[in-house]
Structure formats: structure tokens, C-alpha cells
Amino acid sequence: MNRDRWMPAALAAGLLLSTAACSGSDPAGPGTPGELRVLAGSELVDMEPLLQEAAEEIGVTVHMDYTGTLDGVDMIRTGEVEHRYDAVWFSSNRYLNLYPDGREALSAETPVMASPVVLGVGAEAADRLGWGPDDEVTWADIAEAAADGELAYGMTSPAASNSGFTALVGVASALADTGAALESDDIAGVTPALTEFFSGQRLTAGSSGWLAEEYTRRARQGELDGMINYESVLLSLDHSGELGQPMRIVHPADGVVTADYPLSLLATAADEAAEDYHTLVDHLTSPEIQEEIRVRTHRRPLAPGGQAAAQDFPAVTELPFPARAEVVDQLVDAYFDRIRRPARTVYVMDVSYSMRGERIEGLRSAMHTLAGTDTDSLADRYLRFYGREEVTLIAFDGTVHPPRTFTVPPEDPDPVLADISATVDGLSLGSATAVYDALAAAYGELDDVDEDEFTSIVLLTDGEVNEGMDFPEFRDGFHPRLSEEKRDIPVFTVLFGEANTEEMTELSALGGGRVFDARETPLAEVFREIRGYQ
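Residues numbered from 1 in each chain as written. Predicted model: local features only at pLDDT ≥ 70, side-chain atom pairs only at ≥ 80, totals over all residues. Heavy atoms only, no water.

Draft legend 1. A look at the sheet that holds strand β3 (residues 87-89). Strands sit in the order β2-β1-β3-β11-β4 across an open sheet of 5 strands; the sheet is mixed. Across the chains shown, the open sheet's two edge strands, defined by having one partner strand only, are β2 (61-67) and β4 (106-111). Direction aside, neighbouring strands of the sheet carry axes that sit 25 degrees apart on average. Pairing of β3 with strand β11 (residues 262-266) involves 3 bridges; the strand directions are antiparallel. Across the sheet, Val88 pairs through a bridge with Ser264, a residue of β11. Docked against the sheet, helix α2 (residues 48-58) engages β2 and β3, running at close to 155 degrees with respect to β2. The strands touched by helix α3 (residues 69-77) within the sheet are β1 (35-41), β2 and β3, with β2 carrying the most contacts at an inclination of about 110 degrees. (Pairing = 2+ DSSP bridges. Helix = DSSP H or I, 4+ residues; strand = E, 2+ residues; numbered from the N terminus. Axes fitted to C-alpha atoms, helices over the stretch in contact; angles between N-to-C directions. Contact = heavy atoms within 4.5 Å.)

What follows is the structure in C-alpha cells.
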């Protein structure tokens, strides 16, 4: 793998939870001359080498912290970024600019580079579908292939990642085919076509990087034909040689929505920071750096000096972005409650005595957020359990307690969500920790695995296993005897306290899951990430 061009997803994901930086001071403290504190989208982690070089060339050190797009919009609108950051840098400001308080929070914004959200398809699948390199393919063609069962693809969650969010808006606009920006009245009419389109989505993810990593694994096993992502991510993956076959990039002829990566100065930034911002913008938009961006990240140059290099990329038709925030919100709600495949998740919750105090209260609070009873923020609104979602709760200490399963109705979900919250509130603590007996019970609840659902297991534990099956017995005895479909169910493990990190990492790897560390990151933030994978 070419490490210069392909940022490992594990690194990118880790940067989401910790604080990543080129260098610099504590972002919560006052800024220092020559330092620009930037809140950025996680996909921009691949710009760090260029920013480190910029520090040496222009004397401006960039300190980058990473977060999701919707979380970033929340932080800007609520003023959480004021005096903590000098600038923000996401793949697009379109959604932020739909809110007056979002627009007013910025004093300047400069698009630095571009990457449309498109479809990458393995060459073998593209040939089978008759999609040659020079053929015109539309989103409607892609929807037809998905509906016929001829195309299985991955895409990030619109609630967690801008690439999925942008793809949803672009596909809906194209399929609505009104020639204008999507409106509320268009959503019901385009829902059947969107349902066909998303019937082909077989993988969801919380970040573009993890999506690409998991797509690589599954594509090599013949489980996926393609992936919707930034053109730059698809090109980087194709050039890495990891896929075992070339990837054909499909730029739908009926249009796309393109990320333009505006580096944006906050209105509250100090004068010195504003000078550093303009110095950095001038540097990044110079012809030499525009060329470096193209070569190193596969993004399209945007500045005048990069126009020649931009001609190396196919021309695309840009679709209009909705002009009102409520239209976007209604579309995202429809995607989760009615359009995409529903989620089915078993939550396996450690209620041993070591969970007493802040840990069990944090678990309850996080589950309340998922049940929609603690959702004040824009980002949390899309974390809730979705319509048609099946939720099973299994608590365990030294004993595995009886499971409770809930199905959230698309209409009037509040009574069911209240039952989920009440069940979590009623958890009581006991002695010992029987993690693997509880996991075995979780797999037992998934006897009828349905490929038309996003199925996963979430394990929350804080201690060493001291009751029932141990890990070698689970790994070498229980797990291999599962059906192939069950072995592929991802297990997302949330670590507290004294949980065995190495063992839990190996456990999650069995089904292609991930480990999330709640020892240094608030549990609510961990759950926000996990929801992107369900």
C-alpha cells in the first residue's frame, strides 16, 4: 500500500477520538502568534504533511482537531468554537450556510480544492454491467442495477460523514429530475426511486476512511461491487493496488455534488490569526501547492493557478443544493426511517459492580440519547433509533439476563423509545463478568440473519472476564461453529476501566468490527461514532 497517498482508516478514526495536531498549544487555551487553530473534517487528515511543510515555508503552524460534519455545524452554531478555534475546514459549508447563525459565524471562506462524490466500481462488475470507461451512466442506471440485485455497494452514513450526506442529496436531486434544487414536496415522489437505489447498499460506515478499508476487505471476498465516496478517496484506493483489480470511476451524467473544501475564518478570530489565515490561504492556492494537492491527495485544484492540472479530471455536471435546511432534514429523516435498509442491533451491556457510578450513568445517558430523550443537538437528532430498527438489550454480570427486543415503528415511535429508556434505567448491578457467555446469547438472538438489514452487535464492558467461557474458547470453539452469515456480523466493542484492550481488539476483528475506547472519550461521543456503522 502506498502510505503517501493512502491514509490508514484506523489512524483517521483514532484522530476523531483523540486530538490530532500538526503541532501547537492546547486548543482550549489562547492562541499564539504564528499558530492557526482549525476545527476540520476527518477526511482532511491527509493534508497534514502539506501543512507541516507550510509551517516551515510560511511560518504558520496549523493545529488541526477533527470532528464530524454535523458535530462541527453544531459547534459553530452554538458558539462552542469561539476563541477555541480561529478557523474551520470542512469538505463543504453548504449545510452550515443554510442557517443564518452559521453564516454569521464566518468572516471569510476560500475553496481550496474539490472532489465530487461519485461511484467507484470494480472493473469486473463494471464490465458485467456494461459500464465502459467512456459510457454515460446515470444515477437512474445505478438505481436500476441495485434494484435488480446486480450491484452491491458501500456508502457512509449521511448522519456521520459528509460523503454519505452529499451522496444522499445528490442522488435524490438527480432522481427527482426537476431541474431545480430539491424541495420538500419532491421527497415523497422520489422515495420509491431512492428505495430502489439504496436496496444495493450493503455496507454503511461512520467515516470515509473506514468505509474504504472495509470495502477493500469485502471486495476482495467478492461481497461488494462498488463504493460511493469522494473521487479522491476512490482514486487513492485504486492507486494503492490493494483491490486486486482496477476500479472504474463512474461520474454520473445527470450530475453530482462536489466538495469544495473551503478554509473558513471564524468571525471571532483575532487580527493576528486573520493574518495567518490569509497567509495560509495564499500558500495553499498557489500554483505549486495546488499541484502538490493534486498529486498527493487526488483532489481537483480550484485556484486559478491549478486550472491546467484540473483538466486531467473528467468534467462533471453540478447539481443544485437544497436552499432550505428543513428540506435537507426531511430528506435525511426519510432516508433513515423509510428508505434505507433498517438496522438490527444487539446491545450487550456489562452491569457488573465495577460499572457503578459514572460508568453505568454514562451508559444510561448514552442510551437515552439513542432513544431520543436527550437530543438537543443537530448531530444527536440523527443518532436516535430509526424507524423499523430492531433493538435488543442484553445485560450481563456473572449471569446473562433475559434479552428484551424492541422494534421502533416509523410512525409514533415515542412509546417504544420510552420503553427502551425505562429498561436501561432499570438495570441493576451484580457480581462477576461473563462477557463471552453474553456474546453467545447475542448471536443466539440473531438466528434469522436477514441480508436486508444492517446487523451488528455492540459490546460494552469494563472488566476482565472471570465467569463462563474465556476468549480462547470463544475464538477457537464457539465462533468458528457459527454460520458464515453470523461470523460476518461486526462486533463493535466499547471499552471502560480495566477491559483487556488487546483481547477486545482481537474479538472485534473476528467479524470486521472496531474497538472504541470510552476511557478517555465521553461515552456519548463514542456512541455517536458507532451509530455511523449501523
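Draft legend 2. Seen up close, the side chain of Asn93. Within the secondary structure, Asn93 sits in the loop between β3 and α4 (100-104). In contact with Asn93, not counting residues within four places along its chain, are Leu106, Glu109, Pro262 and Ser264.

Draft legend 3. Just the pairing of strand β5 (residues 113-122), in detail. Burial runs high along β5: 10 of the 10 residues are buried. Burial along β5 is two-sided: the residues Met113, Ser115, Val117, Leu119 and Val121 and Ala114, Pro116, Val118, Gly120 and Gly122 are all buried. Direction of pairing for β5 relative to strand β8 (residues 226-230): antiparallel, over a ladder of 5 bridges. By the bridge assignment, Val117 is partnered in β8 with Tyr230. Bridge count between β5 and strand β9 (residues 247-250): 4 bridges; the pairing is antiparallel. Paired with Val121 across the two strands is Arg248, which belongs to β9. (Buried < 20%, exposed > 50% of the residue type's maximum accessible area, 1.4 Å probe, protein only.)

Draft legend 4. Representation of the nonpolar core. In this structure, Trp89, Trp131, Phe197, Tyr347 and Leu523 are the most contacted members of the largest nonpolar core, which totals 144 residues. Apart from residues lying up to four places away in sequence, Leu523 is in contact with Gly362, Leu363, Ala366, Leu460, Val494, Phe496 and Ala518. Counting residues in hydrophobic clusters, the runner-up holds 25 residues, among them Ile394, Leu439, Phe478 and Leu482. (Core = buried A, V, L, I, M, F, W, Y, C linked by side-chain atoms within 4.5 Å.)

Draft legend 5. Region of interest: the packing of aromatic side chains. For the coordinates displayed, the defined rule picks out 17 aromatic pairs. Ring geometry for Tyr95 against Tyr99: centres 5.6 Å apart, planes inclined by 90 degrees, an arrangement best described as edge-to-face. Among the residues examined, Tyr99 registers a relative accessible area of 12% and is labelled buried. Their ring planes at 35 degrees and their centres at 6.3 Å tell us that Tyr443 and Phe474 sit as a pair that is tilted. Of this pair, Tyr443 sits in helix α18 (residues 435-444) while Phe474 sits in helix α19 (residues 471-478); the two residues are 31 residues apart in sequence, bridging distant segments of the chain. When sorted by exposure, Tyr443 lands in the same class as Phe474, which is buried. Connected via pairs of aromatic rings, a cluster forms that spans Trp139, Tyr153, Phe197, Phe198, Tyr335, Phe336 and Tyr386. Taking the ring centre of Phe454 as reference, the NZ or CZ of Arg341 above it sits at 4.4 Å. (Phe/Tyr/Trp six-rings, centres within 6.5 Å; stacked < 30°, edge-to-face > 60°. Lys NZ or Arg CZ within 6 Å of the ring centre and 35° of its normal.)

Draft legend 6. Main features of the sheet that holds strand β14 (residues 390-396). Spatially, 6 strands are ordered β15-β14-β13-β16-β17-β18 in an open sheet, and the strand pairing comes out mixed. Looking at strand neighbours, the two that pair on one side only are β15 (404-407) and β18 (515-517), the edges of this open sheet. In this sheet, neighbouring strand axes are inclined to one another by 15 degrees on average, regardless of whether the strands run parallel or antiparallel. Pairing of strand β17 (residues 491-495) with β18 involves 3 bridges; the strand directions are parallel. Bridge pairing links Leu495 to Asp517 in β18. Each of β13 (343-350), β14, β16 (454-461) and β17 is contacted by α18, which is oriented at about 160 degrees to β16, the strand it contacts most. Across the sheet, helix α21 (residues 501-509) is in contact with β16, β17 and β18; its angle to β17 comes to roughly 165 degrees.

Draft legend 7. View of the packing of α2 against helix α12 (residues 287-297). It is at 10 Å that the axes of α2 and α12 come closest, and there the two elements cross at 150 degrees. As the angle between them shows, α2 and α12 are arranged roughly antiparallel. As α2 runs across α12, the sense of the crossing is right-handed. Where α2 approaches α12, its residues Pro49, Leu50 and Glu53 are matched on the opposing element by Glu292, Ile293 and Arg296. Within the contact of α2 with α12, the residues separate by chemical class into 3 nonpolar, no polar and 3 charged. (Parallel < 35°, antiparallel > 145°, perpendicular 65-115°, else oblique. Left-handed = near helix turned anticlockwise from the far one by under 90°. Nonpolar A, V, L, I, M, F, W, Y, C, P; charged D, E, K, R; others polar.)

Draft legend 8. Region of the structure containing the confidence of the model for the protein chain. Here the protein chain averages 87 in pLDDT, while 91% of its residues score no lower than 70. Low pLDDT, under 50, characterises residues 1-26; the stretch is placed with 60 contacts to residues that sit more than four places away or in other chains. (pLDDT = per-residue confidence, 0-100.)

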